Every structure is written in structure tokens, then in C-alpha cells.
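Structural overview
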Amino acid sequence: MMVFEGVTFAYEPSRPVLRDASLALGPGLSLLVGPNGCGKSTLLKLAAGVERPDRGRILIDGIDLWEREVEARHALAYLPEFPDITPYATLRDVLRLVCRLRGEPKATGVKALEIFGLVNEADHSVRELSSGQRKRALFAAAFIGWPGHIFLDEPLDALDRQISDDVLKWIGERTASGATLVVVSHAIEPLAGLVTRAVTVRDGSCTVHEGLPAEPAARLRFLDALARGKDEFDAA
Amino acid sequence: MGPSMRPERALVLFHLRVGARLALRVLAPVLAACLFVYYILRPEFTLEIARILFVEASLLEAGLAGTLLLLGLARIVAPRLAAGSGGWARSLPADSATRRLAAVLSMLVAEAPLLAVLGALAWAVTDPGPMPGVAYIVRVAEHVVRVAPHIAGLVLGATAAGLARLPPLPSLPMRVLPLAACYLSFGRDPAVVGVSGLLLALAAALSVRTAPARRRHGPRRRLLSFAFFPALALRAVRGRILLAYLPAVFVLGAAWLFLRNNDLSARPAFALSLFGLSLAITAFIATAADILASRRPVWPWLRSLPLSAAARVRDDALLLALLALPLAIGLALLRRPAAEAVYLFGPVAWFAIRGAGTMREAGDRPFGTLGTVAVEGTILSLLLALLPTASFLLAAATPMAFLLARNAERRLKPTLWSERHHSNAGDPLSWSAS
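This one's a predicted model, so the numbers in the text were calculated from it and none came from an experiment. (Residues numbered from 1 in each chain as written. Chains lettered and ligands numbered in written order. Predicted model: local features only at pLDDT ≥ 70, side-chain atom pairs only at ≥ 80, totals over all residues. Heavy atoms only, no water.)

1. Concerning the interface of chain B and chain A
Stated precisely, the cut-off is as follows: Residue contacts are defined here by distance: any two heavy atoms, one from each residue, within 4.5 Å place the two residues in contact. In short, buried area is how much 1.4 Å probe accessible area vanishes from two parts on joining, totalled over both. Put simply, a salt bridge is a Lys or Arg side-chain nitrogen that is within 4 Å of an Asp or Glu carboxyl oxygen. By the criterion applied in these results, polar contacts are pairs of N or O atoms within 3.5 Å in which, for protein atoms, one can donate a hydrogen and the other can accept it, and in which residues neighboring in sequence qualify only through two side-chain atoms. Going along the chain from the N terminus, every DSSP run of H or I of four or more residues is numbered as a helix, and every run of E of two or more is numbered as a strand. Classification used: nonpolar for Ala, Val, Leu, Ile, Met, Phe, Trp, Tyr, Cys and Pro, charged for Asp, Glu, Lys and Arg, polar for all others including Gly.
Taken residue by residue, the interface counts 39 residues in chain B and 45 residues in chain A. The contact between chain B and chain A buries some 4,000 Å² in all, and 56% of this surface belongs to carbon and sulfur atoms. Counting the contacts that link chain B with chain A gives 2 salt bridges. Linking chain B to chain A there are 14 residue pairs in polar contact (both at pLDDT 80 or more). For the side of chain B that touches chain A, the secondary-structure elements that each account for two or more residues are helix H8 (228–237) and helix H15 (428–433) of chain B. Class assignment of the residues belonging to the side of chain B that touches chain A gives a composition of 22 nonpolar, 8 polar and 9 charged.

Here's what the structure looks like:
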């Protein structure tokens, strides 16, 4: 369970992205939708501990993300929209770091590289990789340690069709295994069948839309309307 | 759709604005330095240095000193102005020659405050003095004629240094021409300055044709997993870390010379050596932290891994403290090394943690990491010289500095664009975009 309690956050004090927002997302796939700039990626960064709330707190399985930093982060994995991997290390170095921090054997990192087809690129720097390869590298990091909370920002961007299919399959498996997945995506169609609930951010507050239409076409229309910034009643 | 502006004009205007903005940012430290020089070192000292540079020194001396000065300035300004110039900007409708020359012009504007100070000094030291029986206007004209080669030389030299330092860096043979132009610009003789101008024109013409491709290769050797973060930091700064030792060595050398050439009693000698050592450590840590903050910016994704903010600060502080250890060799130059070593524990611990902390706030501070640590360090070094036991107070206060640094790390908004991220190396997004 990932919980936001009265979270306020602003890059500029006069323009808060979130204002006293509260939210609780349990197991299943929560799809964060909405127009550009509404605060979806920021919400995900807050949940992943990349940004710290100006006020309020964020709990991962009841553990405060900024009080017990290491413990809370053991349970989460984050895939940013722009895969920022340091150019001063190789992919193998980065995955070994993740293994060490999550208390996993090095072999898990090697296995993750194999699963995401990056064995040949393991000793390359990020500068030599395409955008899709960088994204796959961070998927491989998310695989290590089997974290129960997974935050994905535009996970299907820049991926080829085969890897996209593999990622969707992986998302489905993790959802079925009881993990909490929060995904920001403008590509709704591939994910619509897997979505448990939708989340929107508007004017600094978050709304969780449970009980999505079961019929695929109606569900897609509903999610599409939310993504265009319409409210729940208009969407329905 | 309105009439479009000529690309050259649009680019020049854009770069002038960028240069002016940077100039405004550096104006405050330049003014502060001028006030420091005027009130602390006294005008006589400054004018003497200027007289040596502009009047008395030979071409060899003036050329070398001036070239080093202008190259150093260009080294600071160039990456701040060239950020992003290798990417999307290349898709705009302007040729590479225009882009490069507009960026050099922008550098000149950004360096204008310091060049104006140098120009004013040149004016002051080339005063022809009283000319009895000569009209005032003739005297002023004589003064202008004397100073003109210096002013023209400064502008030419700064342009040449900009051309040599502007990314993407030209190949070494292609840097010889602008460096020669910069060197000759301090020639004082109008003919030599003219040659400098010709060389500069040639260098400008050649540099736009031979812009090197960007290197994309990365590390090949594995990092040691137990020393991942220090090794990562050292890879980010590479040989630049040696530059951080230069000001420290300079301070230590000055302290050593003072002690050698003055017969001081035990107490003042101890105070001076403690001051010198503490200031040297400050100078090193301030410069090293500044280089590190610029070359290895915050890595947003790392913050989602199970590693605490305190651990990230601790790793940086330990690295800075370890890198400062070679300065302990300075102890051997002084009189009572064992005593000074005991008193240095406090400053090393304090400044290493302050360096790691201010790196996290560099974007919010007008003088960045370098200015903040240098100012604090100078004040605390003076305090230590007057009251050596303050070292133990500093050591006792390091947990507080650590908490401040940890809070700064937590407060940091890594996705917020800040002016600190001025170069490709300093911009975390460039990690994904380069």
C-alpha cells in the first residue's frame, strides 16, 4: 500500500503541484492519467522518494519514506521518464550497485540483464546506448529484489514492439502477484486491460477512480476521457 | 506570420542576452573582489601588479600571465554559455560559423565586467603624467593613444581565449592559433597587437570549418563495488581534481615563505602556520566540492534506491576529507607539525562536511559552493589563528554541520532546473540525452 497524507509540493512556492493531497493506492495497477503538466510525473517522483514533499508524508507499506529512508526504499522500484543513468559507470556497475543495496546476490543482476536482452551492453556506458536500451536497463534494475511497489513513468516509450510486449507481460505478472504498480502513461490502449483503477491530478489534488467499466470499449473511453482532463461524470 | 529576422541577427541578439545575463551574475563577485583588493590589498599593490602586466613586463612575461588569466576566465565562462549548443540548437536555421562566432561574442559580453576592470587598470597605469605647457585635451589624447593597444589587446585576447576554450574544443593544433593570438595581444606595440588580430581572424575562419565531433565513449573498467560512489566521483572529476590542489599549494607556499623570511616568536608563528594550513584545506575543499558539484550533479533515480540522504552526504564528505589528506605534507614545511596536526582535525572534518552540504545548495547560493566554503573557511581560519582551541569547538559542531548537510540533501529538488546545471556534464538530463 502506498499512502500520501496531506502532501504539498511545489517547484516554485507560488505554483504548488500538489496541495494537501491525500491518496491511498493498494495492490493492482493504478494508471495515472491527465493532460501534460498536471503533475503526474511529479506525483510518481514523490512516491519514489526522488522529490521530498514540502509538507505531509508518504508511506510505503506503513513506513515513512523520509523517516526510514532505506527501509521504505527497499520495497520500491522506479522507472523515470528520462532514464538518467550516470555516464561514469557501466550498466553492470549500476546493476551491481542495485543488487548490493537491495541485498541481492550479483547473479540476480546478471539474470536481469539477460531477461532484458542487455548482456552484450553490460560493459557499455550510458552514452553508447539508445534511449530504449537505457529504459530497459532501468527495467532490469526494477527486476532486482522483486520490490512490491513499482512506479513506472511512461514505461512503453522508446521500446521496440517485442520489448513492449515483454514489459506488458511483466506488468501483468507483477499485478497478478499482488504488487502495487503506479504507472504514468499516455499510451492507454495497451494497459487498459490490466488497469485496476485510474488516478487523476487536477489543481493540486488527486482523485482515485475505482470501479472502472468492465466492458473493454467503455473502459477505454472512460480512461481516454480522464486522460483528456474531463472529470469522472463527463467520462462516464 | 510576421517577417522573419535574419538568422545571424537573431542568434547574435540571443547570445548577447545570454552573455549579459551571465555578466550580471558574475558582476557581484567581481565587485566584491575589487572592493577586497582595494581595501585589503590597497590600491598601490593592485596598481603595481597592473604596471608589471601592462607596462614593465616583457612580452614573454606579460603574454604568458595574460594568456593564463584570459584562458582561466574563458574556462569558467565557456561551458556556461555552450550548454546545449551541440544538440537541438544545431537544427535551427543558422550555419555553424554564425553559431560559434555568436557564442564567442556572448563570452566577451559575459567577461565584460572583468575586462572593464582590467581596462581601467591599464588606463590608470598608462597615464603620461604631467605635461607642462600642453593642453589638457592633448594630454588626454596622448593617454588614449597609449592605452588603445592595451584595450584592443584585451578584447582580442579574450576573444582568442574564448575561441580556444569554446566547446566543442578544437583539436590541439587548431588551438595553437588562438593561443598565439591571445599571447601576442599583450604585446603593447600596435603592430604586435595587429598581428594578434590577424591570427585571431585566421583562427576564427579555420575553427568553424573543423569543429570536432562529440566523443561518446564511456568507461571500460569496472568500478569497485565497495567504493562505488568515491570511484564514480573520481571518474566524474578525473584530472580536474588536481586543479583543486593549486590554490591550496599557493596558500601553503605563501605561509612557508612568510615563516622563512620573518623571525617570529613561537606564538605568532604557530598562529600563522595554523592559519595557512586551515586556509589551504579550505581552498582545496571549496574548489574540489565546486568541481564535483559541477561534474557529478545529483542523480535523481539514485534517490529511489535504498540509500539514505545521510549516507550520500557521508560518502561525499569522506571523499573530500581523504582527498585533502595529501595537504598534510604541508605540515612538514612548518615549525611544530605535531601540534598543528592536532588542531587541524576540527577544520578538516568541518569543511569536508560543509563542502558536501553546500554542493547540495549550490544552485540556490549566489556564489555557489566555492564562494560559500571559501568565505566561511577564511573567517574560521582567522578564528583558529587567534584562538586555536576553536578547533575542538569545530570538531564538536560537526554533527550539526552533518545534520544541516543531510537536510540540504533531502530538501534538494533534483528535477528543478537550476543555473548550477550549466554544462552538459553538470546537467543530469544530459545523461539521458547525450
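Moving on, there is more to tell.
2. Some words on the sheet that holds strand S8 (residues 180–184) of chain A
Residues and elements named next belong to chain A. We apply this condition: By this definition, two strands are paired if DSSP reports at least two bridges between them. A fitted line through C-alpha atoms represents every axis, and for helices the fit uses only the stretch in contact; the resulting angles, taken between N-to-C directions, go from 0 to 180 degrees.
The 6 strands lie next to each other as S6-S7-S8-S3-S9-S10, forming an open sheet whose pairing is mixed. Looking at which strands have only one partner, the edges of the open sheet turn out to be strand S6 (76–79) and strand S10 (205–209). Neighbouring strand axes in the sheet, compared pairwise and without regard to direction, differ in orientation by 15° on average. Pairing between S6 and strand S7 (residues 149–153): 4 bridges, direction parallel. Directly across from Ala77, in S7, lies its bridge partner Ile150.

3. A look at the pattern of salt bridges
Residue and element names in this part refer to chain B. How we decide: Categorising residues by exposure relies on relative accessible area from a 1.4 Å probe, with only protein chains included: less than 20% of the type maximum marks a residue as buried, more than 50% marks it as exposed, and the intermediate range marks it as partly exposed.
A full pass over the atoms with the stated rule returns 20 salt bridges over all chains. Of the charged contacts, one joins Glu376 and Arg354 as a salt bridge, the two residues approaching to 2.7 Å between their closest N and O atoms. Note that Glu376 is positioned in helix H13 (residues 368–386) and Arg354 in helix H12 (residues 337–359), a separation of 22 residues in sequence. What makes Arg354 buried here is its relative accessible area of 11%.

4. Focus: the environment of Cys34(B)
Residue and element names in this part refer to chain B. Locating Cys34 in the fold gives a position in helix H1 (residues 7–39). In this structure Cys34 comes out as partly exposed when scored by relative accessible area, which is 30%. Separated by 250 residues in sequence, Cys34 and Phe284 have C-alpha atoms that sit 23 Å apart.

5. Some words on the state of the cysteines
All names here are of chain A. Put simply, the rule reads: Any two cysteine sulfur atoms lying within 2.5 Å of each other are counted as a disulfide.
Scanning the entire structure with this criterion turns up 0 disulfides over all chains. Cysteine Cys206 is unpaired, with the sulfur of Cys38 as its nearest cysteine sulfur at 9.3 Å. Judged by relative accessible area, Cys206 falls into the buried class, the value being 13%.

6. Looking at the side chain of Glu69(A)
Along the chain, the position of Glu69(A) falls in helix H2 (residues 69–74). In terms of polar contacts, Glu69(A) uses its side chain to reach the backbone amide nitrogen of Ala309(B), at 2.7 Å. Looking at Glu69(A), its side chain comes within polar contact range of the side chain of Arg410(B), at 2.5 Å. Setting aside chain neighbours within four positions, we find Glu69(A) in contact with Asp64(A), Ser308(B), Ala309(B) and Arg410(B).

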